[in-house]
Amino acid sequence: MSNKKVIILTIFIILGMIIFPTIYKIYADNNASKIKVVEEEFKYQASRCYNKGDCKEEIIYLKELYKNKYIKDKLTNPINKKYYSEESYINISTKEIKLIS
């Protein structure tokens, strides 16, 4: 191979080493942000329900929020578009969220 081909090939390899990890990181961060939005909405509505007294226990299930009309539309996983189970819950005191697809 000539020097020109080696230099062009080297440039493409370097660009590939920069571009592909960058694209993957952006994609992974975007997915994490989408899930965080759903978790924050769940946490917010659960806190509202608990503070108003409609939800009495510290562990609040998603079905309670549906029943009390704090969440009108079913929550879905933004990555795979599946509905979260009504057995998904949040512990208000520890802020632990368990979303089950």
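As a reminder, the structure under discussion sits directly above these lines.
The shown structure was predicted, so the numbers you read here are calculated from the model rather than taken from an experiment.

In terms of nonpolar packing, the biggest core is built from 16 residues, with Phe42, Ile60, Leu62, Leu65, Ile71 and Leu75 touching the most fellow members. Of all the elements in the fold, those that place two or more residues in this core are α1 (3–52) and α2 (62–67). The element contributing the most residues to this core is α1, with four residues. Setting aside residues no more than four positions away along its own chain, Leu65 makes contact with Phe42, Gln45, Ala46, Cys49, Cys55, Ile60, Tyr70 and Ile71.

Looking now at the state of the cysteines. Using the criterion set out here, one finds one disulfide in the structure. Paired through a disulfide, Cys49 and Cys55 show a sulfur-sulfur distance of 1.8 Å. The disulfide joining Cys49 to Cys55 has a torsion of about 80° about its S-S bond and is therefore right-handed. The class for Cys49 is buried, based on a relative accessible area of 0%. By relative accessible area, Cys55 is classed as buried at 2%.

This paragraph deals with the sheet that holds strand β2 (residues 89–91). By way of backbone hydrogen bonds, the strands of a sheet pair with one another, either parallel or antiparallel. On the basis of which strands lie adjacent, the open sheet formed by three strands has the order β1-β2-β3 and antiparallel pairing. Both outer strands of the open sheet, β1 (59–61) and β3 (96–98), are each paired with one neighbouring strand and no more. Across the sheet, the mean angle separating the axes of adjacent strands is 15° when strand polarity is ignored. Strand direction decides the pairing type here: β1 and β2, joined by three bridges, are antiparallel. Counterpart to Ile59 in the pairing with β2 is Asn91. In the packing of α1 onto the sheet, contacts are made with β1, β2 and β3, and the angle to β2 comes to roughly 65°.

The rules we used
Residues numbered from 1 in each chain as written. Predicted model: local features only at pLDDT ≥ 70, side-chain atom pairs only at ≥ 80, totals over all residues. Heavy atoms only, no water. Core = buried A, V, L, I, M, F, W, Y, C linked by side-chain atoms within 4.5 Å. Buried < 20%, exposed > 50% of the residue type's maximum accessible area, 1.4 Å probe, protein only. Helix = DSSP H or I, 4+ residues; strand = E, 2+ residues; numbered from the N terminus. Contact = heavy atoms within 4.5 Å. Disulfide = S-S within 2.5 Å. Pairing = 2+ DSSP bridges. Axes fitted to C-alpha atoms, helices over the stretch in contact; angles between N-to-C directions.

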